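Structural characterization, general
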Amino acid sequence: MLEMGSHIVKFLVLFSLYWAFSNLSLNYTATENVICLNWAPIGIALAFLIRFDIILWPAVFLASLFSNLQHLNDNILYPVLLAVAATAPLYLVSYLLRKHHFQHKLSHLRDFILFGNLGVLVLSLLSAALGIIVLTAFSTNYEFSITTIFSWILGDIAGVLVFAIPILTFSRAMLTHLMKVDTILALIIMLIFGIDVLWFSHSVYSPLFILVPLLAVFWIAMRTDLPSTSLVILMFSSLAWASGKFNYGIFTNLPEPLVGVWSYIVGLSVISLVTAVFFSESRRFANQMQFSISASDIGTWDWDLTADEYEFNDTWFTMLGHTPQRKRHKVDIFEKLIHPDDLVRLQQSINDYLQGHTQQFKHTIRLKHANGEWRKILTTGSIIERDFHGDAVRVCGTHVDVTEEIHTEETLKLISRANDSAKVGLMILHNQTGYPIKYINHAFELISGYSKQELIGKHYDFFTKQDDLTDEMAQLFDAIQKQTPYRATLKNYHKNGYAYWAKVILDPVKNDNGQVSHFVITQRDVSQIHKSRQAIAEQDELLRQLSNQVPGAMYQFKLDAQLNPSFLYVNEGIRQMLGFTPTQLQLEPNLIYNAFAPEDFKRLKNDFLQSYRSLTELRSQYRVIKPKQGWREVHANPNKLNDGSVIWHCYLSDVTERKGLEDTLRQVNNKLENAQQAGHIGYCAINLTSGDIDCASVVQELFALPQSQPLSLANWLAATHEDDINLLNRQLNLAREKGEINLEHRIVYNDASIRWLHLRASSTDNPDILEGTFQDITERKELEIKFQNQALTDELTGIANRRAFMQHLEQEWSLFKRQIDLSASVIILDIDFFKKFNDKHGHATGDKVLCHVTQLVSDNLRKSDVFGRMGGEEFAILVRDASKKQAGKLAQKLCTAIEQTPLIITRDVNLTITASFGVASFSKQDKDSSDVLFAADHALYQAKDNGRNCVKFSQQD
């Protein structure tokens, strides 16, 4: 009933307003052709049909009909058709607006555009078209022109804009907006100048009077909203009604004053209403942005590139722990907060964006919080203002603290990697029908044989065989259905078909509402453990039996926090080791000390106490008197328990025989040490990798090193003779390859004396270690050198004998064959008439002649030349790096020196000596070194045939 009463009231109000404003419009805004330039009823009717209910349209029809009958005296059909022409467009437009979910408050730009298109333009055009058609069809008094049609459309538009919008949008809030001081002042100014525009005559100031109300209503539109602005337009239009009635205002000089007035009102309405909608939408969007930013803790920044200054909102300061500051800041103040490692990259990113290299500016940097912490900030920005050259002058953007998000993302990645790296299979089920699988890790793939693609989304029983459902598996399914935790070892099936045993743990996971949303199942393959348990149980007994067969005794010994001893386990071997039964020691632990000799009893006790405090391994030997005298070795590893007690796992062995062998070995070592001292020979172990040398004391003495300075490769090389260092290094390198070394070399003592050492060693199990001996062979080597010198030296002259000379000649010939550009020559000389010296002066004088010639020749040779006595009075010279010509010069020099240097025997006897020389050079035609020697010998005989005391060259060169 109340609803029906409300509709009746609205019906009557609409009927009354439509009829009343129809009369007012005809009286105050009608032209000579009875065309109303502000048809208020159309705006009132449209507002009622949209805001309240479209079923009120009969009120429009009846009010229009009643008004038509009042002003028209024609037949009844004419007023009815005019009423239909007025009602039909209103109904159609109202229906279309409601169908498109039009909101009468016009709070969104979409609604304003929809209303402007349908409620203003379409309704005005359609209403004017139908009205003109009806008037043209039934009346011969109206002559329609373009001006008439424009006036009709203008009147409908004015009626909708002036009356419909205030009724649609009216609320108490619009009055609040109008009560502001600046708005009231603008309204007063607008009305004052509006009176001047619409009531006073035209003057030179008329354009100014027209402009002032426009600016005032424009100010009101910017400062308030659409409802308030529409109400102001309604108030301002009331002046136009009076102006039209009494023909006042600056538009009276126009051919159609009313058209001018209402065109001005419509233009003013359109500009102000559009402005109000635009600024309302902007304020609404700005408020939404401000509230969104405030609610989401987003900091904003505004960068003025011309002044190089930043401005930040309050959230930006609080985000970094600072007090908000409403002022601009220089760029360098902001840059001080940026992490040094991020500053260059940030500047590069900004430059790329400003220069157009990138489409957007988006970067993550670290900013320093007031507490010293570095916060990770996501900064985004856009250019909002450019200069005439197109360069950016203002950039605005946001700062969002993403420290926790990045940390969370990194943590999630870490958890994901950890899950995939875990050895335990992990599966997550969704608490839905069939319990579909949501996630499995890599370990679960390995255990089950299925990939993630094969299992994700499948039901949990996908990889089970229902015909072999074990009790444990059934209990697991029951636990899932009851949403309870479950622990069990159960049988499952691999993708390949074979069964495996898995230790499964089920835990329900609840969401924020306390409801189970998922199940987490961990699965570890314990097939091997399951198979091994029986074997372990069987081996336990076997181990116990075997332990009783092991030589020695095994036991667990414990000292509690009060140092009270006890035996947790003792095997049967203790009988043979200490003469007690396991039971005796377990009942009376202190009996064990009675088995040890009195002199070792305290040491055993102290050793255990020391191991108790330091938790270090105990391994030592003690004398026993039970069951008979001997030696026992204790090997014990400690393990501290939570209650402060310590348990040792001990092994006791009989080392009586070994101790005897050690004593015997010690005696043997002493004898061996004495033997080494006597034979100047000592043991050594050379580590080729580390350079350490473990050796007997006699070796230290051979190297003249004190016992405090151990022998090593370094000081060994330092003591080696300089001529033998390369030999030693080569032998060591060969030893690394072949695993043995046999070397004779010299070492030099601090007093410059030289000793010969012989090293013979080879590798054992470790290829990096050579074991062998050093021996002093100085006396033997000196004898060898002496004998070697005697074998290669002419005893009379002291120069090389024939054998030594031939060795040098053969070596030089080998070099000549490898190096063709090498030059060498051979000189053979023979003392002329040597036999007469022997015959006339005796063999002693002959020996002096030989020595005299030897000395003269040696004084004129180089160190590289080899001078040897070939036999009797014949000598040979190997001249290295010398051509035949150079060798000939040397031979001539020697020939002259011998001739000019007589041998003084006595005061009265001076012997003049001459010699003949033959010279030959190494040649490619020579087959071997003997060919060179033969050629030189042949040249010698030519010199003898030529009268002796001369030099002749071989003709074979």
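Look up a bit, the structure's there.
The model shown is predicted, which means the values in this text are computed figures rather than measured ones.

Moving on, we get to the overall build of the protein. When helices and strands are tallied, the protein shows 32 helices and 28 strands. By residue count, 42% of the 957 residues in the protein fall in the buried class. Counted over contacts in the protein with a minimum sequence separation of 6, partners at least 24 positions apart contribute 55%. Of the roughly 52200 Å² of accessible surface on the protein, 55% is carried by carbon and sulfur atoms.

Glancing now at the pattern of salt bridges. Within the structure shown, the criterion is met by 21 salt bridges. Among the salt bridges present, the one from aspartate 794 reaches arginine 869, with a minimum N-O distance of 3.3 Å. Of this pair, aspartate 794 sits in the loop between α27 (778–792) and α28 (802–818) while arginine 869 sits in strand β23 (residues 866–871), and the two are 75 residues apart along the sequence. Notably, a salt bridge pairs arginine 948 with aspartate 832, separated by 3.9 Å at the nearest N-O pair. Linking arginine 948 in the loop between α32 (929–945) and β28 (951–953) with aspartate 832 in the loop between β22 (824–831) and α29 (834–841), this pair joins segments that are 116 residues apart in sequence.

What follows covers the side chain of arginine 375. Position of arginine 375 relative to the elements: it lies in strand β5 (residues 374–386). One polar contact links arginine 375 to glutamate 373, side chain to side chain, over a distance of 2.8 Å. Contact partners of arginine 375, with chain neighbours within four places excluded, come to Ile365, Arg366, Leu367, His369, Asp401, Thr403 and Glu404.

Attention now moves to the packing of aromatic side chains. Inspection of the entire model under this criterion finds 19 aromatic pairs. On the numbers, 5.3 Å between centres and 85° between planes, the contact of tryptophan 716 with phenylalanine 774 is edge-to-face. One end of the pair, tryptophan 716, is in helix α25 (residues 713–719); the other, phenylalanine 774, is in strand β21 (residues 769–776), with 58 residues separating them in the sequence. Like phenylalanine 774, tryptophan 716 is buried. Put simply, the rings of Tyr555, Phe557, Phe567, Phe608, Tyr612 and Trp648 touch in pairs and so form one group of aromatic residues. A cation over a ring is seen here: lysine 605 above tyrosine 593, with NZ or CZ 5.3 Å from the ring centre.

A few words now on the sheet that holds strand β16 (residues 646–654). Strand pairing in a sheet relies on backbone hydrogen bonds, with the paired strands running either antiparallel or parallel. Taken together, the 5 strands give an open sheet; going across it, the order is β13-β12-β16-β15-β14, and neighbouring strands pair in antiparallel fashion. Edge positions in the open sheet fall to β13 (565–570) and β14 (618–624), since each of these has one partner strand only. Sheet twist, expressed as the mean angle between neighbouring strand axes with direction ignored, is 30°. Pairing analysis gives 7 bridges linking β14 to strand β15 (residues 630–640), with the strands arranged antiparallel. Within the sheet, the bridge partner assigned to leucine 618 lies in β15 and is alanine 636. Together, β12 (553–559), β14, β15 and β16 form the strand contacts of helix α22 (residues 598–614), whose direction differs from that of β14 by roughly 165°.

Turning to the packing of helix α2 (residues 40–51) against helix α4 (residues 77–99), a few remarks are in order. Between α2 and α4, the shortest axis-to-axis distance is 10 Å and the interhelical angle comes to 40°. Regarding the angle of α2 to α4, the classification is oblique. Helix-helix and strand crossings are classified by hand; for α2 and α4 the assignment is right-handed. Of α4, the residues touching α2 (which contributes Ile42, Ala45, Leu46, Leu49, Ile50 and Arg51) are Leu90, Tyr91, Val93, Ser94, Leu97 and Arg98. For the contact of α2 with α4, the class distribution of residues is 9 nonpolar, 1 polar and 2 charged.

Glancing now at a nonpolar patch on the surface. Where nonpolar side chains cluster on the molecular surface, the patch consists of Met4, Ile8 and Leu12 and spans about 310 Å² of accessible area. Structurally, the position occupied by leucine 12 is in helix α1 (residues 2–28).

One finds Leu14, Leu46, Leu90, Leu97, Phe115, Leu123 and Val160 to be the most contacted residues of the largest nonpolar core, which totals 42 residues. Those elements giving two or more residues to this core turn out to be α1, α2, α3 (57–71), α4, α5 (109–138) and α6 (146–169). Per element, the largest residue contribution to this core is 10 residues, and it comes from α6. Within the second largest apolar cluster, 30 residues are counted, among which are Leu829, Phe834, Val849 and Leu911.

All right, on to empty space enclosed by the protein then. Inspection of every chain in the model, using the stated rule, returns 2 cavities of 30 Å³ or more. As a volume, the largest cavity reaches approximately 60 Å³. Around the largest cavity, the lining residues are Tyr555, Phe557, Ile592, Tyr593, Phe596, Leu604, Phe608, Val634 and Leu652. Its residues assigned to classes, the lining of the largest cavity comprises 9 nonpolar, no polar and no charged.

Bringing the sheet that holds strand β10 (residues 499–510) into the picture now. Reading across the sheet, the 5 strands line up as β8-β7-β11-β10-β9 and stay open at both edges, with antiparallel pairing between neighbours. Each end of this open sheet is capped by a strand with a single partner; those strands are β8 (437–440) and β9 (486–493). The mean inter-strand angle of the sheet, taken between neighbouring strand axes irrespective of direction, is 30°. Taken together, the 3 bridges between strand β7 (residues 425–430) and β8 define a ladder with antiparallel strand orientation. Pairing of isoleucine 428 across the sheet is with tyrosine 439, part of β8. Packing against the sheet, helix α18 (residues 471–482) makes contact with β7, β9, β10 and β11 (516–525), and its axis sits at approximately 125° to β9.

Mapped onto the elements of the fold, leucine 702 is located in helix α24 (residues 697–702). A residue is classified by how much of its surface remains accessible, and leucine 702, at 5% relative accessible area, is buried.

The first and last C-alpha atoms of α4 sit 32 Å apart over 23 residues, in line with the 33 Å expected at 1.5 Å per residue. Residues of α4 that are buried: Tyr78, Pro79, Leu82, Ala83, Ala85, Ala86, Thr87, Pro89, Leu90, Val93, Ser94 and Leu97.

Looking now at the pairing of β14. Counting buried positions along β14 gives 5 out of 7 residues, so the element sits mostly inside the fold. Between β14 and β15, which follow one another and run antiparallel, lie 5 residues.

Moving on, we come to unusual backbone geometry. A cis geometry characterises the amide bond from lysine 626 onward to proline 627, with omega recorded as -10°. Relative to the helices and strands, proline 627 resides in the loop between β14 and β15. In this structure, aspartate 881 is a non-glycine residue whose phi angle is positive, near 50°.

Turning next to α22. With 17 residues, α22 extends 25 Å from end C-alpha to end C-alpha; this agrees with the ideal 24 Å at 1.5 Å per step. The complete set of buried residues in α22 reads Asp600, Leu604, Phe608, Ser611 and Tyr612. All buried residues of α22 fall inside an arc of 125° around its axis, so they share one side. Exposed side chains of α22 directed beyond 90 degrees from the buried face belong to Pro598, Lys602 and Arg613. Packed against the buried residues of α22 are β12, β14, β15 and β16. Backbone geometry just after α22 places leucine 615 at a positive phi near 55°.

Bringing the environment of threonine 901 into the picture now. For threonine 901, the position within the fold is in the loop between α31 (884–900) and β25 (903–904). With 10 residues separating them along the chain, threonine 901 and leucine 911 place their C-alpha atoms 9.1 Å apart. When near neighbours in sequence (up to four residues on either side) are disregarded, threonine 901 contacts His852 and Leu856. Here the side chain of threonine 901 touches alanine 897 through a polar contact of 2.7 Å, landing on its backbone oxygen.

Once that is clear, we can look at the packing of α3 against α4. To characterise two packed helices, one gives the angle between the axes of the helices and the distance between these axes. Put simply, α3 and α4 touch, their axes get as near as 8 Å, and they point 150° apart. As judged from the angle between their axes, α3 and α4 are roughly antiparallel. Handedness of the crossing formed by α3 with α4: right-handed. Residues Trp57, Val60, Phe61, Ser64, Leu65, Asn68 and Leu69 of α3 touch α4, and the partners they reach there are Pro79, Val80, Leu82, Ala83, Val84, Ala86, Thr87, Leu90 and Tyr91. Class assignment of the residues belonging to the contact of α3 with α4 gives a composition of 13 nonpolar, 3 polar and no charged.

What counts, and at which threshold
- Residues numbered from 1 in each chain as written.
- Predicted model: local features only at pLDDT ≥ 70, side-chain atom pairs only at ≥ 80, totals over all residues.
- Heavy atoms only, no water.
- Helix = DSSP H or I, 4+ residues; strand = E, 2+ residues; numbered from the N terminus.
- Buried < 20%, exposed > 50% of the residue type's maximum accessible area, 1.4 Å probe, protein only.
- Contact = heavy atoms within 4.5 Å.
- Areas by Shrake-Rupley, 256 points an atom, 1.4 Å probe, with all protein chains shown as cover.
- Salt bridge = Lys/Arg side-chain N within 4 Å of Asp/Glu carboxyl O.
- Polar contact = N/O pair within 3.5 Å; in protein donor to acceptor, adjacent residues only side chain to side chain.
- Phe/Tyr/Trp six-rings, centres within 6.5 Å; stacked < 30°, edge-to-face > 60°.
- Lys NZ or Arg CZ within 6 Å of the ring centre and 35° of its normal.
- Pairing = 2+ DSSP bridges.
- Axes fitted to C-alpha atoms, helices over the stretch in contact; angles between N-to-C directions.
- Parallel < 35°, antiparallel > 145°, perpendicular 65-115°, else oblique.
- Left-handed = near helix turned anticlockwise from the far one by under 90°.
- Nonpolar A, V, L, I, M, F, W, Y, C, P; charged D, E, K, R; others polar.
- Patch = residues over 30% accessible without salt bridge, like charges linked within 9 Å, V, L, I, M, F, W, Y side chains within 5 Å.
- Core = buried A, V, L, I, M, F, W, Y, C linked by side-chain atoms within 4.5 Å.
- 1 Å grid on protein atoms, 1.4 Å probe; cavity = no way out; pocket = protein on both sides within 12 Å on 5 of 7 lines; lining within 4 Å.
- Points joined across faces, edges and corners; volume = space filled by probe spheres on them.
- Expected span 1.5 Å × (residues − 1).
- Arc of directions from axis to C-beta.

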